[in-house]
Amino acid sequence: MKKSLALLMAASLTVLSLTACGGNGGAETTAATTAAQAEETTAAESESEVQESSDEAGEESETSGETAAAGDLQKLVIGASPAPHAEILNAAKDLMAAKGYELEIREYTDYIQPNNALDAGDLDANYFQHLPYLEQFIEQHGVNLASAGKVHYEPFGIYAGKTADLASLGDKAKVAVPNDVTNEARALLLLEAQGLIKLKEGAGLNATKNDIVENTKNLEIIEIEAAQIPRSINDVDIAVINGNYAIEAGMKVSDALAVEASDSVAATTYGNVVAVRAGEESSDAVVALMEVLKSDEIKKFMEEKYEGAVVPLSE
């Protein structure tokens, strides 16, 4: 544009100069010729600018296309407890991307919010709980959720607090257990397996401390919110701790005073599941997620990272 203005100004000066020095006819002819040349130059420059603009638009279009191609992954938003669930999901990100999905992982430190968020549609799935807890939550809260399948099992362990071993437990020793029904029952079953208490026959997975029929050491069973037990361990003699919370607290299964047996009721019952809204268990995204979480790569990750604290399930 600057070139065009310069040419037009030069042309005007030329016209004025010629008019002052000669006859009107010569000046008009020269002015006409100069104007025509200026118009041709301007037209050529305009065409060049249009072409450049078109080329730039083409380049932008190509760049936009590349960005769109890179953003073709379908987002899957999953709620999870920090360890081991979020860690496992992070390990699964590349495998999910290969299937066309981008995992967005939102971490929760309690057992209530991730189910409510899933039911409300804020999450596409969650991965933090075992099946009995999910079933109990559905019954108590009326949410429309379902299991898409079991992924792994986390052995419950009894960990030392003020008392270093089970044989040294004194009379009225304090024992911390989770305060939610399914996990409390699981803790009591583990205590019973160690000969520390005896439960009412048939109490099973619904047992509470009120179902204890024999307690020779008069153990004081203290019900505490599961996530808080590792922080309270120094205030009790022993504590029965969920696998994921033990992992988060830096505890190892190998340090536990006792661990659930692989053939126990818990081992066959308390598999951690991926939960989804009912009816979405067979969606393409959920099927892809389950295939990845049960893949050999993720099984190897669990075994190597958690050293027995997380056991992959084949079913």
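Below is a short write-up of the structure. Predicted, not measured: the structure shown is a model, and the values here were computed from it. (Residues numbered from 1 in each chain as written. Predicted model: local features only at pLDDT ≥ 70, side-chain atom pairs only at ≥ 80, totals over all residues. Heavy atoms only, no water.)

**Brief notes about the overall build of the protein**
Moving on, step 1. Counting its secondary structure elements, the protein contains 12 helices and 13 strands.
Moving on, step 2. The proportion of buried residues among the 315 residues of the protein is 43%.
Moving on, step 3. In the protein, 75% of the contacts between residues at least 6 apart in sequence involve partners at least 24 apart.
Moving on, step 4. If you sum the accessible surface of the protein, you get close to 16200 Å²; carbon and sulfur atoms cover 49% of it. (Helix = DSSP H or I, 4+ residues; strand = E, 2+ residues; numbered from the N terminus. Buried < 20%, exposed > 50% of the residue type's maximum accessible area, 1.4 Å probe, protein only. Contact = heavy atoms within 4.5 Å. Areas by Shrake-Rupley, 256 points an atom, 1.4 Å probe, with all protein chains shown as cover.)

**A few points about the sheet that holds strand S1 (residues 74-80)**
Moving on, step 1. The strand order across the open sheet formed by six strands is S2-S1-S3-S12-S4-S13, and the pairing between neighbours is mixed. Sheet topology places strand S2 (101-107) and strand S13 (311-312) at the edges, where each strand pairs with a single neighbour.
Moving on, step 2. Two elements, strand S4 (residues 145-153) and strand S12 (residues 271-277), share six bridges in a ladder whose sense is antiparallel. Residue pairing for S12: Tyr-153 is matched across the bridge by Gly-271. (Pairing = 2+ DSSP bridges.)

**A closer look at the packing of helix H3 (residues 82-91) against helix H12 (residues 296-306)**
Moving on, step 1. Where H3 meets H12, the closest approach of the two axes is 10 Å, and the angle between their N-to-C directions is 135°. The angle between H3 and H12 places the two elements in the oblique class. As for how H3 packs across H12, the hand of that crossing is right-handed. Two secondary-structure elements touch here, H3 through Pro-84, Glu-87, Ile-88 and Ala-91 and H12 through Ile-298, Phe-301, Met-302, Lys-305 and Tyr-306.
Moving on, step 2. For the contact of H3 with H12, the class distribution of residues is seven nonpolar, no polar and two charged. (Axes fitted to C-alpha atoms, helices over the stretch in contact; angles between N-to-C directions. Parallel < 35°, antiparallel > 145°, perpendicular 65-115°, else oblique. Left-handed = near helix turned anticlockwise from the far one by under 90°. Nonpolar A, V, L, I, M, F, W, Y, C, P; charged D, E, K, R; others polar.)

**Observations concerning the environment of Gly-149**
Moving on, step 1. The residue Gly-149 is located in strand S4 in this model.
Moving on, step 2. Along the sequence, Gly-149 and Val-274 sit 125 residues apart, while their C-alpha atoms lie 6.0 Å from each other.

**Digging into the packing of aromatic side chains**
Moving on, step 1. Applying the stated criterion across every chain yields a total of five aromatic pairs.
Moving on, step 2. Taking the centre distance of 6.1 Å and the plane angle of 40° together, the rings of Tyr-133 and Phe-137 count as tilted. Pair noted here: Tyr-133 and Phe-137 are both in helix H6 (residues 131-141), with a separation of four residues, about one helical turn. Of the two residues examined, Tyr-133 and Phe-137, each falls in the buried class.
Moving on, step 3. These aromatic residues form a ring-pair network of at least three members: Tyr-111, Phe-128, Tyr-133, Phe-137 and Tyr-245. (Phe/Tyr/Trp six-rings, centres within 6.5 Å; stacked < 30°, edge-to-face > 60°.)

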